[in-house]
Amino acid sequence: MTEKPQNSSSNLPAGCPLIPESIMTANRCEHTDLNLEIIEGKLPEDLKGHFFLVAPVGTVDSGGLPFPDGDSLLNGDGMIYRLDFDCPGEAKITTRLAKPPDYYADKATFLKSQYQKYRFRNHGIVRFSYALGFRNELNTAFLVMPSGKEDVLDRLLVTYDGGRPYELDTETLEVVTPVGWNQEWQAEINKPKFPFKPILSTAHPAFDADTGEMFTVNYGRSIINFMETLPAILALEGLPEEVYQLVATIIGFFDAGIIQDILRFSIQLVQNIIQQNIDILARLIGENINDFVYLIRWDGTGYLERWKLLLPDGSPVRIKQTIHQIGVTKDYVILMDTSFITGIEQVLNNPLPKNKKIEETLRELLESRNLPNSSVYLVSRWDLKAGQHPAYSDKEVTVIAKKLVIPLPAAHFLVDYENPDGKITLHVAHIASWDVAEWIRKYDLSAYPPYDPISERVYSMEPNEMDISRLGRYVIDGNRGEVIQSNVIYSSPYTWGTGLYTYRDRLSSGRQPKQLDNIYWISFGLWQETMTKFLYDLYKDAPYRAVALEDLLDLAKQGVPSSLFRLHTLDDSLKIADSYQFPRGYIGSSPQFIPRRGSEDNSQGYIICTVFTPQNNEFWIFDGGNLAHGPLTKLGHQALNFGFSLHTAWLPKIGRRQGSYNVPVKSDFQQLVNDSSPDIQKLFEYEIYPYFPSDNGHLG
Ligand SMILES: [Fe+2]
């Protein structure tokens, strides 16, 4: 019998709030129509519809959370939770794991010894197999595609930054089809040819309910970005061969020796010579390895249509981090280079998942601060005439994107749909000095002298932010590509770690709102327990600091509670109009606005959110017009255990999927599988295709 490890949080001062255990644990149980208990209050009679939530819940080999190795808890299969408010006074929950084809590959390679050499492993926030490629974990967010018709169901996509979105059946919660064939998406790298390609997209595509068009992106950061980090790695003596082998695998060499020699040589040279080496490697790889960003438009039924984005000087748009979110207005599509990194660079983060010493050394060498500013790209929808259909055309079509830069990093932003006189209004949450792709490692130290090891109960957890978040409202002249008005605020205690948002996304008429004048944000709070020396040191000199470092440490010591607030945005001065602070030791997440029947006002409704208490997970329901009153209802169930939950959606009606759009799995993967080894072909034939029996489509 193993002894439970001693809780090293005992070296925190008495009374210091601890990160709730419930945010760091999760099970993978799939429930059907489980009756939630009403723990407190009662359910509002006019609360109707269906609330969707997604959360990463560990992997096939971990069986849930926490991860025994302390991997990031944001890495894991998406579990989809649906709360149904069908009967007065009752709430039921149904939960299903998102199971795209790569899920079955993950499962089979874990369970069956003949496939064990193809196993997937966690690398930072991605899950990767040297032979099979990248998991599409579908664990991040949703996109609602309203039908606009009373008798036609809305469509719902589940998304992930590193893969294609998948459409869900809103009744069974099964993933039905990806959006776009493999052939319609460009991989971040093309060699080696993984059956599960590394595809960078956005976790927040956008839908224009007025035109029925969906917009998303497909981009790649050139291998040069990746290569720039290599000389630093190779400065290390005595790295195991596997690291070189890994690098070679990623960039398409099967002889690790060549790359090892070239790169060992390159570290002795100055930067411009390194560039020449990169050029040599590029030729050896034999590929066009430029950065690329495609803006994709989809009508919901046909093939994807795309445009390659160029800057006005004709050079390609270069994304340095991620495109976590995009926005659509009446006349523009807006992209942002958002503040964390995913994709193949994550693999290097943790090259040998079992070797924490290598991981620690590489983190010291490679980790750099996220960019201090946000690059925003504007594309006029009027310029999106006939694009390229990669399903049947190789002829690229380009479109110009205007670039502008706003101070401070961001992960989430929203836009008003209306853009009168070409003026675009952008609402941004600036997460300052925070890296949401980071996680607390086993070798992290506390930021407080004498720098004791961090409490082991918070391994895998998101670390603290190292400055207060800001909320910005920007008016941009879309024609000139310039910011013409900007308001940026912060407010302690409310805006510490402001990440997730909700707002009324549809009026009673079913139409989308023209402008967003009330946005609900939820903040993580500030916690001494997850204040790591590594991130403190990394961000202590970051620009735009709002809260002095001593004050940051003092405040974290006292603890700043998680909070939910309503930002009123119509005024010239942004105002926190209503707010609620969660009790100390609790964290609120995943807010969702549920409109009250018959009302048009965008604060007339309910806010449901997840709450991680020191004991368990709950759902709390607030009156959207009176957060300060506190929760009206608390719901939960002892069998329900989800970890750090992310984004949400609300649908008035659910049912069996009505649409016919379908990308059949076998046809979709056939070419990629044919190019793979006989063993991998067998894996698909026996372990994946049988789960997707209906297969009668062809591309092009
Ligand atoms: Fe997000």
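Since this is a predicted model, take the numbers as computed values, not measurements.

Participant: Would you explain the coordination of the iron ion in this entry?
Facilitator: Octahedral six-donor coordination of a metal ideally yields angles of 90 or 180 degrees, compared with 109.5 degrees for tetrahedral four-donor coordination. Around the iron ion, the protein contributes the donor atoms His-204 (NE2), His-324 (NE2), His-412 (NE2) and His-647 (NE2), at 2.0 to 2.2 Å from the metal centre. Its four donor atoms give the iron ion angles of 91 to 164 degrees at the centre, a pattern that matches the irregular case. Mapped onto the polypeptide sequence, the residues donating to the iron ion form the spacing pattern H-x119-H-x87-H-x234-H. Of this pair, His-412 sits in strand 22 (residues 412–415) while His-647 sits in the loop between strand 33 (633–636) and strand 34 (648–651), and the two are 235 residues apart along the sequence.

Participant: In this structure, what is going on with the side chain of Thr-59? I would like to understand it.
Facilitator: Within the element layout of this structure, Thr-59 appears in the loop between strand 3 (49–56) and strand 4 (78–85). Of note is the side chain of Thr-59, whose polar atom sits 2.6 Å from the side chain of Asp-61. When residues no more than four places from it in sequence are discounted, the contact partners of Thr-59 are Arg-28, Gly-64, Phe-67, Gly-76, Asp-77, Asn-122, Arg-127 and Glu-137.

Participant: In this structure, what is going on with the packing of helix 1 (residues 101–111) against helix 12 (residues 678–688)? I would like to understand it.
Facilitator: In helix packing, the relevant descriptors are the interaxial angle and the interaxial distance, both defined with respect to the helix axes. Between helix 1 and helix 12, whose axes approach to 10 Å, the crossing angle comes to 100 degrees. Here helix 1 lies roughly perpendicular to helix 12, going by the angle between them. For the pair formed by helix 1 and helix 12, the contact residues are Pro-101, Tyr-104, Ala-105, Ala-108 and Thr-109 on the first element and Leu-683, Glu-687 and Ile-688 on the second. Looking at the contact of helix 1 with helix 12 residue by residue, the class counts come to six nonpolar, one polar and one charged.

Participant: What am I meant to see in empty space enclosed by the protein here?
Facilitator: Over the atoms, a rolled probe matching the size of one water molecule traces out where space is still vacant. The tally for this structure, following the rule as stated, stands at nine cavities of 30 Å³ or more. Reported here for the largest cavity is a volume of approximately 750 Å³. Along its surface, the largest cavity is lined by 33 residues, and Leu-143, Pro-205, Leu-414, Tyr-503 and Asp-505 are the ones closest to its centre. For the lining of the largest cavity, the elements supplying multiple residues, two or more each, are strand 9 (141–145), strand 13 (206–208), strand 17 (326–328), strand 22, strand 26 (498–502) and strand 34. Considering each element in turn, the lining of the largest cavity owes the most residues, four residues, to strand 9. Residue classes in the lining of the largest cavity are distributed as 21 nonpolar, nine polar and three charged.

Participant: Just checking my understanding: could you explain the layout of surface pockets for this structure?
Facilitator: Considered as a void within the structure, the largest pocket measures approximately 1,000 Å³ in volume. Lining the largest pocket we find 40 residues, and of these Ser-147, Gly-148, Lys-149, Asp-154 and Arg-506 sit closest to its centre. Sorting the residues of the lining of the largest pocket by element identifies strand 10 (155–159) and strand 11 (166–168) as the ones contributing at least two each. Considered class by class, the residues forming the lining of the largest pocket number 12 nonpolar, 14 polar and 14 charged.

Participant: So what exactly am I meant to see when it comes to the sheet that holds strand 8 (residues 133–134) here?
Facilitator: Whenever strands of a sheet pair, they do so through backbone hydrogen bonds, lying parallel or antiparallel. Pairing in this open sheet of three strands is antiparallel, and the strands run 6-7-8 from one edge to the other. Of all strands in the sheet, those bounded by a partner on one side alone are strand 6 (121–123) and strand 8. Strand direction decides the pairing type here: strand 7 (residues 126–129) and strand 8, joined by two bridges, are antiparallel. If you follow Ser-129 over to strand 8, its bridge partner there is Gly-133.

Participant: Got a minute to help me understand helix 10 (residues 549–558) in this structure?
Facilitator: Each α-helix winds once per 3.6 residues, and so residues spaced three or four apart point in a common direction. Listing the buried residues of helix 10 in full gives Leu-549, Leu-552, Leu-553 and Ala-556. On an axial view of helix 10, the arc spanned by its buried residues comes to 95 degrees, and they lie on one face. Contact partners of the buried residues in helix 10: helix 9 (533–539). Gly-559 sits one or two residues past helix 10 and shows a positive phi near 90 degrees.

Participant: Explain the pairing of strand 10 here, please?
Facilitator: In summary, the side chains of a regular strand alternate between the two faces of the sheet. The element strand 10 is extensively covered by neighbouring structure, given that five of its five residues are classed as buried. Because side chains alternate across strand 10, one face comprises the buried residues Arg-155, Leu-157 and Thr-159, and the other comprises Leu-156 and Val-158, equally buried. Note: strand 10 against strand 11, three bridges, orientation antiparallel. Bridged to Leu-156 within strand 11 is Leu-168. Between strand 10 and the antiparallel strand that follows it, strand 11, lie six residues.

Participant: Explain the sheet that holds strand 29 (residues 575–581) here, please?
Facilitator: Spatially, four strands are ordered 26-27-28-29 in an open sheet, and the strand pairing comes out antiparallel. Either end of the sheet is taken by a strand with one partner, and the two such strands are strand 26 and strand 29. Taking each pair of neighbouring strands and ignoring which way they run, the sheet shows an average axis angle of 25 degrees. Relative to strand 29, strand 28 (residues 563–568) is paired through six bridges, and the arrangement is antiparallel. Opposite Leu-564, over in strand 29, you have Tyr-580 as the bridge partner.

How each quantity is defined
Residues numbered from 1 in each chain as written. Predicted model: local features only at pLDDT ≥ 70, side-chain atom pairs only at ≥ 80, totals over all residues. Heavy atoms only, no water. Donors = N, O, S within 2.8 Å, 3.2 Å for Na, K, Ca; no water. Tetrahedral: all angles 85-135°; square planar, octahedral: opposite > 155°, others 65-115°. Helix = DSSP H or I, 4+ residues; strand = E, 2+ residues; numbered from the N terminus. Polar contact = N/O pair within 3.5 Å; in protein donor to acceptor, adjacent residues only side chain to side chain. Contact = heavy atoms within 4.5 Å. Axes fitted to C-alpha atoms, helices over the stretch in contact; angles between N-to-C directions. Parallel < 35°, antiparallel > 145°, perpendicular 65-115°, else oblique. Nonpolar A, V, L, I, M, F, W, Y, C, P; charged D, E, K, R; others polar. 1 Å grid on protein atoms, 1.4 Å probe; cavity = no way out; pocket = protein on both sides within 12 Å on 5 of 7 lines; lining within 4 Å. Points joined across faces, edges and corners; volume = space filled by probe spheres on them. Pairing = 2+ DSSP bridges. Buried < 20%, exposed > 50% of the residue type's maximum accessible area, 1.4 Å probe, protein only. Arc of directions from axis to C-beta.

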